[in-house]
Amino acid sequence: MSSLEIRELAAGYRRSTVVSEVTTTVGSGGWLGVIGPNGSGKSTLLKAVAGLVRHRGRVLVDGRELAGLRRRERARLIGYAPQIPQLPVGMTVTDYVLLGRTPHLGPLGREGRSDLDLVAGLLERLDLGGLADRTLATLSGGERQRTVLARALAQRAGVLLLDEPTTGLDIGHAQALLDLVDELRRELGTTVVMTLHDLTLAAQYAERLVLLDSGQVAAEGSPAEVLTPDALSERYAARVTVLRTPDGSPVIAPFRG
Ligand SMILES: Nc1ncnc2c1ncn2[C@@H]1O[C@H](COP(=O)(O)OP(=O)(O)OP(=O)(O)O)[C@@H](O)[C@H]1O
């Protein structure tokens, strides 16, 4: 169970600040979706929260400031699945996912039965059980994406940052992955911050959304408050309408002009 507070965060790269004045809070077990057009700063925001890019402002997990924490300690509090991971292609799926357990291992650094069981369980739940001994180089794009997710989930950090976790996944695997994240949220109280271009999935899974535009928060609230046709037309230059499934879930549907 961990809450996340982001205060006056600004982040960027050598020559430019690409995210500024971001302040938001996600309660324990909450799910925040970060949406916005290409280049609006979603990945940069997640990287800054993970401590991977230069930033100003404060990031607190359960009231503890992350700046200044050792890497291992930080990794127990916050897990991150990048949009474009650098993968050790010769490693097997199991060994790669086991890396997620590193912050929890003892001084000898050897994983135990419980670590192996946890990893095997995650692989099954992500439909990767049959690929456990395959090397990363031999995986399809969607299998690789799910493996990266499995590693972040194996970390069992209280806060999970997911950057476009469904990229390259078919609709069934995308739903299964988001369902699994939702189960962990309910079982363990994991707090989730996720960027997603699929606005329908974002609306159906996230409790709250932050809409970034040019690195600033343009709107924040429930999916129904943020995903209005007018806001999407203004921020994305898109023609969309908001439909409903038979059970009332929102569907953000584009239409031709
Ligand atoms: N390593 C970098 N060095 C310099 N500029 C960068 C770097 N990474 C990203 N940027 C720039 O920062 C801005 C925000 O990029 P970012 O990847 O955070 O956007 P995004 O909202 O995640 O985009 P997308 O939806 O296309 O994935 C962009 O203009 C991008 O070109």
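Residues numbered from 1 in each chain as written. Predicted model: local features only at pLDDT ≥ 70, side-chain atom pairs only at ≥ 80, totals over all residues. Heavy atoms only, no water.

Naming follows an unreviewed UniProt entry, where the protein appears as ABC transporter ATP-binding protein of Saccharopolyspora taberi.

Visitor: Any chance you could explain the environment of S214 here in plain terms?
Guide: Looking at where S214 falls in the secondary structure, it is placed in the loop between strand 9 (208-213) and strand 10 (216-221). In this structure the C-alpha to C-alpha distance between S214 and V18, which are 196 residues apart in sequence, comes to 7.2 Å. Residues within four places of S214 in sequence aside, it is in contact with V18 and S40. (Helix = DSSP H or I, 4+ residues; strand = E, 2+ residues; numbered from the N terminus. Contact = heavy atoms within 4.5 Å.)

Visitor: Teacher, can you tell me more about the environment of A48 here?
Guide: Looking at where A48 falls in the secondary structure, it is placed in helix 1 (residues 42-49). Residues A48 and L105, 57 residues apart in the sequence, show an inter-C-alpha distance of 26 Å.

Visitor: What is the right way to read the pattern of salt bridges from this model?
Guide: Once the charged atoms of two side chains with opposite charge are near each other, the side chains can pair. One pass over the structure, following the stated rule, counts 13 salt bridges. Among the salt bridges present, the one from R235 reaches E234, with a minimum N-O distance of 3.5 Å. Salt bridges here are not isolated pairs; linked through shared partners, they connect D182, R185, R186 and E207. (Salt bridge = Lys/Arg side-chain N within 4 Å of Asp/Glu carboxyl O.)

Visitor: Would you explain the sheet that holds strand 5 (residues 64-65) in this entry?
Guide: The strands that make up a sheet are held in pairs by hydrogen bonds between backbone atoms, and each pair lies either parallel or antiparallel. Across the sheet, four strands lie side by side as 2-1-4-5; this open sheet has antiparallel pairing. The two strands at the open ends of the sheet, each matched to only one other strand, are strand 2 (17-26) and strand 5. In the sheet, strand 1 (residues 4-12) pairs with strand 2 via six bridges, with the strands oriented antiparallel. Bridge pairing in strand 2 links E5 to T25. Lying over the sheet, helix 1 contacts strand 1, strand 2 and strand 4 (55-61), oriented at roughly 120° with respect to strand 1. (Pairing = 2+ DSSP bridges. Axes fitted to C-alpha atoms, helices over the stretch in contact; angles between N-to-C directions.)

Visitor: Can you help me understand unusual backbone geometry in this one?
Guide: Note on backbone geometry: most residues besides glycine have negative phi, and most peptide bonds are trans. Here the phi dihedral of E8 falls at roughly 50°; this positive angle occurs in a residue that is not glycine. Here E8 shows up in strand 1. With a phi angle near 60°, D127 is a residue other than glycine that sits in the positive phi range. Secondary-structure assignment places D127 in the loop between helix 4 (113-125) and helix 5 (141-154). Overall, D127 belongs to the partly exposed group, its relative accessible area being 48%. (Buried < 20%, exposed > 50% of the residue type's maximum accessible area, 1.4 Å probe, protein only.)

Visitor: Can you walk me through the sheet that holds strand 7 (residues 159-163) in this structure?
Guide: Pairing within the open sheet is mixed, and its six strands lie in the order 6-7-8-3-9-10. The outermost strands of the open sheet, each flanked by one partner alone, are strand 6 (78-81) and strand 10. Each strand axis lies, on average, 15° off the axis of its neighbour in the sheet, ignoring direction. Sheet topology note: the strand 9/strand 10 ladder contains five bridges and is antiparallel. Across the sheet, the residue bridging to L212 is V217, located in strand 10. Packing of helix 1 onto the sheet brings it into contact with strand 3 (31-35), strand 6, strand 7, strand 8 (191-195) and strand 9, and relative to strand 7 it is tilted by some 150°.

Visitor: Mind showing me how you'd approach the UniProt feature "domain: ABC transporter" (unreviewed entry) in the protein here?
Guide: According to UniProt, the feature "domain: ABC transporter" (unreviewed entry) maps to residues 4-239 in the numbering used here. Strand forms 25% of residues 4-239 and helix 36%; the C-alpha atoms that close the span are 34 Å apart. (UniProt positions renumbered as here; feature names shortened; annotations may be inferred.)

Visitor: What's the story with the confidence of the model for the protein in this structure? I'm lost.
Guide: Atomic detail in the predicted coordinates should be set aside for any region of low pLDDT. Taken as a whole, the protein shows an average pLDDT of 93; of its residues, 100% reach a score of 70 or greater. Scored as a whole, the predicted complex attains pTM 0.93, and scored at its interfaces, ipTM 0.98. (pLDDT = per-residue confidence, 0-100.)

Visitor: Would you mind going over the packing of helix 4 against helix 5 with me for this structure?
Guide: Helix-helix packing: each pair is described by the crossing angle between the helix axes and the interaxial distance. In the contact formed by helix 4 and helix 5, the axes pass within 10 Å of each other and the chain directions differ by 140°. In terms of axis orientation, helix 4 runs oblique to helix 5. Regarding helix 4 and helix 5, the two cross each other, and that crossing is right-handed. Of the residues in helix 5, those in contact with L118, V119, L122 and L123 of helix 4 are A150, L153 and A154. The residue makeup of the contact of helix 4 with helix 5, split by class, is seven nonpolar, no polar and no charged. (Parallel < 35°, antiparallel > 145°, perpendicular 65-115°, else oblique. Left-handed = near helix turned anticlockwise from the far one by under 90°. Nonpolar A, V, L, I, M, F, W, Y, C, P; charged D, E, K, R; others polar.)

Visitor: Just to check I follow, could you spell out the site of the ligand for this structure?
Guide: Around the ligand, the neighbouring residues are Y13, V18, P37, N38, G39, S40, G41, K42, S43, T44, Q83 and H197. N38 places a polar side-chain atom, nitrogen or oxygen, 3.1 Å from an oxygen atom of the ligand. Within the contact set of the ligand, an oxygen atom lies 2.5 Å away from a side-chain nitrogen or oxygen of T44. Starting from 640 Å² of accessible surface for the ligand in isolation, the protein chains cover 58%. (Near = heavy atom within 4 Å. Polar contact = N/O pair within 3.5 Å; in protein donor to acceptor, adjacent residues only side chain to side chain. Areas by Shrake-Rupley, 256 points an atom, 1.4 Å probe, with all protein chains shown as cover.)

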